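Working through the structure, step by step
Residues per chain are reported as follows:
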Amino acid sequence: MSTANRHTDAWTPRRIPDQTGRTAVVTGANTGIGYATARELAARGAEVVLACRSAARGRAAVERLRAEVPGARVETWELDLASLRSVRRFAERWGGRRLDLLVNNAGVVAVRDVPTEDGFEPHFGVNHLGTFALTGLLLPVLTAAPAPRVVTVSSEYQRFVRLDPRRGTEQLRRGGAMQAYGRSKQANVYFAAELQRRADRHGQRLRSMVAIPGMTDTGVLGRGANSGRGVLWRKVLVPLVHAVAKPVEQGAWPTLYAATDPDLPGGSCIAPSGPLQSFGRPVPSDGFRAMRDEATARWLWSLSERLTGVAYEETATGEPAVLGEPGMPGQRRRGQGPAGPAPDPRSGPRTP
């Protein structure tokens, strides 16, 4: 679907229409692009749930947001995308509450190669599998809304990797942290595009979008799992990104555009207009191969259902299907002994 010629005039948050009546969930909303997104939605009247891994940081973010946007209707719920148990608890707690917008923003960047609770490579496990499971489990309430929308935040870095079904899950264990990050962000694009195709086949009103923030000074490279990195990382890379990247408020523009523009068709991708889609005003883009590669998307979808235990063909009818315990044979959960032969702790999902 080509959207390159649509909305050619420069987009800014001033174009966001009134969001009163919409309920939104923004993952990873206690800081960075997620916080900026939640704040702007709340300022326009939306009821926003900040889904955060740390309950304490989530509460601090809500207090800050309410101070910045008096009268904002916001709350925080705990959600750890590195834990499929946490994802399920979040969805169960949500129940049948109305949900108009899900912003899949949370993610990790260049973290150390420590498996998630379910035994997955951390970038693939958090950025893709956690997002995949959460969206699937919330799909019944999303599709019940009058104009449901899912925005999945990817990265311009996904252009430099390639997922290949012929290489199976072995490819998820190759390369360094940035390659793993790129694969997970490309998986986000495949997921969002395939979600739209499946919604169309089911005759659902759901619109699934991709947002590419571009180079943004979120601070993620210098905190959390990255805070203990070496001198070169802390003294050179982090200050360099801080010097050249745009502020988080502007980095949130593609997400806000994708989340709120009433005329954008499902399957749209919003990215910066400048070089390598890192800088510039947000515009619709159709330049990603992953948006059109249906064969790889189907392979990844089937793998993701198997690994997470969330089957979308069932959630489309209103009842999430649980296909068994998360993870795969031979994996071990973090903090537990091996279930069968102990895997390499740096490995990604294994085939049976």
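It should be emphasised that the depicted structure is a prediction, and the values quoted were computed from it without experimental measurement. (Residues numbered from 1 in each chain as written. Predicted model: local features only at pLDDT ≥ 70, side-chain atom pairs only at ≥ 80, totals over all residues. Heavy atoms only, no water.)

**Some words on the side chain of Asn105**
Structurally, the position occupied by Asn105 is in the loop between strand E4 (101-104) and helix H4 (122-144). The class for Asn105 is buried, based on a relative accessible area of 13%. Beyond its immediate stretch of four places on either side in the chain, Asn105 contacts Val26, Thr27, Gly28, Ile33, Gly34 and Val153. (Helix = DSSP H or I, 4+ residues; strand = E, 2+ residues; numbered from the N terminus. Buried < 20%, exposed > 50% of the residue type's maximum accessible area, 1.4 Å probe, protein only. Contact = heavy atoms within 4.5 Å.)

**Quick look at the nonpolar core**
If you look at the biggest cluster of nonpolar residues, it comprises 53 residues, and the most contacted ones within it are Val25, Phe90, Trp94, Phe124, Leu134, Leu138 and Tyr312. Elements represented by at least two residues in this core include exactly strand E2 (47-52), helix H3 (84-94), H4, helix H5 (177-201), strand E7 (269-272) and helix H9 (294-308). (Core = buried A, V, L, I, M, F, W, Y, C linked by side-chain atoms within 4.5 Å.)

**Remarks on the pattern of salt bridges**
Applying the stated rule across the entire model yields 16 salt bridges. Between Asp100 and Arg98 there is a salt bridge, with its nearest N and O atoms 2.9 Å apart. Given a relative accessible area of 42%, Arg98 falls into the partly exposed group. For the salt bridge of Arg289 with Asp293, the shortest nitrogen-to-oxygen distance reads 3.2 Å. Judged by its relative accessible area of 31%, Arg289 is partly exposed. Exposure remark for Asp293: the relative accessible area of 17% places this residue in the buried category. Shared partners join several salt bridges into a network, and the residues in it are Arg39, Arg64, Glu68 and Glu249. (Salt bridge = Lys/Arg side-chain N within 4 Å of Asp/Glu carboxyl O.)

**A closer look at the packing of helix H1 (residues 32-43) against helix H2 (residues 55-68)**
Axis separation between H1 and H2 bottoms out at 10 Å; the angle between their running directions is 40°. As the angle between them shows, H1 and H2 are arranged oblique. Relative to H2, the crossing made by H1 is right-handed. Every residue of H2 that contacts H1 at Tyr35, Ala38, Arg39 and Ala42 is listed here: Ala61, Arg64, Leu65 and Glu68. Split into classes, the residues belonging to the contact of H1 with H2 amount to 5 nonpolar, no polar and 3 charged. (Axes fitted to C-alpha atoms, helices over the stretch in contact; angles between N-to-C directions. Parallel < 35°, antiparallel > 145°, perpendicular 65-115°, else oblique. Left-handed = near helix turned anticlockwise from the far one by under 90°. Nonpolar A, V, L, I, M, F, W, Y, C, P; charged D, E, K, R; others polar.)

**Focus on the sheet that holds strand E5 (residues 149-153)**
The sheet built from 8 strands is open, its strands ordered E3-E2-E1-E4-E5-E6-E7-E8 with mixed pairing. Whereas interior strands pair on both sides, the edge strands pair on one side only; in this sheet they are strand E3 (73-78) and strand E8 (282-284). Strand-to-strand, the axes of this sheet are offset by a mean angle of 20°, without reference to chain direction. The pairing of E7 with E8 spans 3 bridges and is classified as antiparallel. Bridge assignment links Pro272 to a residue of E8, and that residue is Pro282. (Pairing = 2+ DSSP bridges.)

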